[in-house]
Amino acid sequence: MSTAFLFSGQGAQYNEMGKELYEEYDQVKQVFNRASERLGIDLAAVMFNDDERLHWTPLTQPAILTLSHAIEQLLKEAGIKADMVAGLSLGEYTALVSSEVFTFEDAVELVHKRGTYMDQAVPEGTGAMAAVMGLEAEVVEKICDEISETDYVQVANYNMPGQLVVAGIKEGVAAASEALEKAGAKKVIPLNVSGPFHTKLLEPAAQKLAEELKNVEMNPLSVTVYSNTTADKYADKEQVSETLIQQVMSPVKFEQMIRQMIQDGADTFIELGPGKTLKTFVKKIDRSVTVLNVENIK
């Protein structure tokens, strides 16, 4: 049996996420305190008090990473360890902490800065994202290519069969949404996000992140980590910086990555962090594997 941990990505956050675990377990409280100390912000206060800042990308990212990492500590204490790890976008950083490439504190600061750069990369109101249900990837790609000749839009996430996300400039996403509905999409849902993530429009964020990564110490991988960008495992720590720079402005190949993990022997997936989004994706990708999630005491 081969177990994979999957770490939640941005968008999974909700008020009071992790509160029950924080109040019940000292080691969870300690993880939160370490993150708060590094950022100079009381993360528990942001996460448990209906604070709007929880949905502000520079704080959303460290908040989700902190909770996901804290949950992993509880699983390890219970004797549950992963043979391989991965995450959705932001969750890949939690996976790299799990594999000891980054220290937890360095990762918390890194994703806070990453979130800041992503938030600043595109002027507010000029970019957009939309989820597309019920169309083949090839159809979505073709429509995006056609519309991009005038207004830029591309596939930003390959989540699961029949669910992709497109992103680009607002006009491009609007035109693509209309064309995708005409082409037979069951639904096209605008997403409430601050920018067109995982597109070339995020290149300014990638450049700033590249500078940040030069200052972060990286250790050899202690557990196999899979990348959203390549949909394959990292060969070594030397690949990490360049891959994370590309990740900000490249499509998230979540479905392809999960299929590769299954091919490499994963038969049990456990989502760690808020929500059950990744659990849902994996079930749709391959019904033969066991999929679980941990976000609270139950």
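Predicted model only: the values in this text are computed from it and were never measured.

1. Comments concerning the side chain of Asn228
Link 1 in the chain: For Asn228, the location among the structural elements is in the loop between β7 (224-225) and α10 (240-248).
Link 2 in the chain: Accessibility expressed as a relative area gives 0% for Asn228, which makes it buried.
Link 3 in the chain: Of note is the side chain of Asn228, whose polar atom sits 2.7 Å from the backbone oxygen of Gly87.
Link 4 in the chain: Residues within four places of Asn228 in sequence aside, it is in contact with Gly87, Leu88, Ser89, Glu92, Gln247, Pro251, Val252, Lys253 and Met257.

2. Side note on unusual backbone geometry
Link 1 in the chain: With phi around 70 degrees, Glu100 is a residue other than glycine that occupies positive phi space.
Link 2 in the chain: Mapping Glu100 onto the fold places it in the loop between α5 (91-98) and α6 (104-121).
Link 3 in the chain: The backbone phi angle of Ala231 is positive, close to 60 degrees, even though this residue is not glycine.
Link 4 in the chain: You can see Ala231 is positioned in the loop between β7 and α10.

3. Focus on the packing of aromatic side chains
Link 1 in the chain: Considering all chains together, one arrives at six aromatic pairs under this definition.
Link 2 in the chain: Their ring planes at 85 degrees and their centres at 6.4 Å tell us that Phe5 and Phe7 sit as a pair that is edge-to-face.
Link 3 in the chain: Classification of Phe5 by relative accessible area gives buried; the value is 0%.
Link 4 in the chain: Directly above the aromatic system of Tyr22 lies the positively charged group of Lys29, at a separation of 5.3 Å from the ring centroid.

4. As for the pairing of strand β8 (residues 268-272)
Link 1 in the chain: Most of β8 is tucked away: five of the five residues are buried.
Link 2 in the chain: The pairing of strand β1 (residues 3-7) with β8 spans five bridges and is parallel. Along β8, the bridge assignment pairs Ala4 with Phe269.
Link 3 in the chain: Strand direction decides the pairing type here: β8 and strand β9 (residues 290-294), joined by five bridges, are parallel. Residue pairing in the sheet places Leu272 in a bridge with Val294 of β9.
Link 4 in the chain: One crossover worth recording links β8 to the parallel β9 by way of helix α12 (residues 277-285), and it is right-handed.

Criteria and thresholds
- Per chain, residues are indexed from 1 in the order of the written sequence.
- Local features in a predicted model are, by the rule used here, given only for residues with pLDDT of at least 70; side-chain atom pairs are given and counted only at 80 or more, and totals for whole chains, interfaces and linings are based on all residues.
- To obtain the side-chain values, all non-hydrogen atoms of the structure were used and water was disregarded.
- Only DSSP runs of H or I covering at least 4 residues are called helices, and only runs of E covering at least 2 are called strands; the numbering of each starts at the N terminus.
- The buried label applies to any residue whose accessible area, calculated with a 1.4 Å probe on protein chains only, is under 20% of its type's maximum; exposed applies above 50%, and partly exposed to all values in between.
- Throughout this description, a polar contact denotes any pair of N or O atoms lying within 3.5 Å of each other; where both atoms belong to protein, one of them has to be capable of donating a hydrogen while the other can accept it, and for residues adjacent in sequence the pair is counted only when both atoms sit in side chains.
- We call two residues in contact when some of their heavy atoms are within 4.5 Å.
- Ring pairs are drawn from Phe, Tyr and Trp, using the six-membered ring of Trp, whenever the two centres fall within 6.5 Å, and their geometry is named by plane angle: stacked under 30 degrees, edge-to-face over 60, tilted for the rest.
- Two thresholds decide whether a charge sits over a ring: the Lys NZ or Arg CZ must be within 6 Å of the ring centre and within 35 degrees of the ring normal.
- Whether two strands pair depends on DSSP finding at least two bridges between them.
- Crossover handedness is defined by viewing with both strands directed away from the observer: a clockwise path from the first strand over the helix to the second marks the crossover as right-handed.

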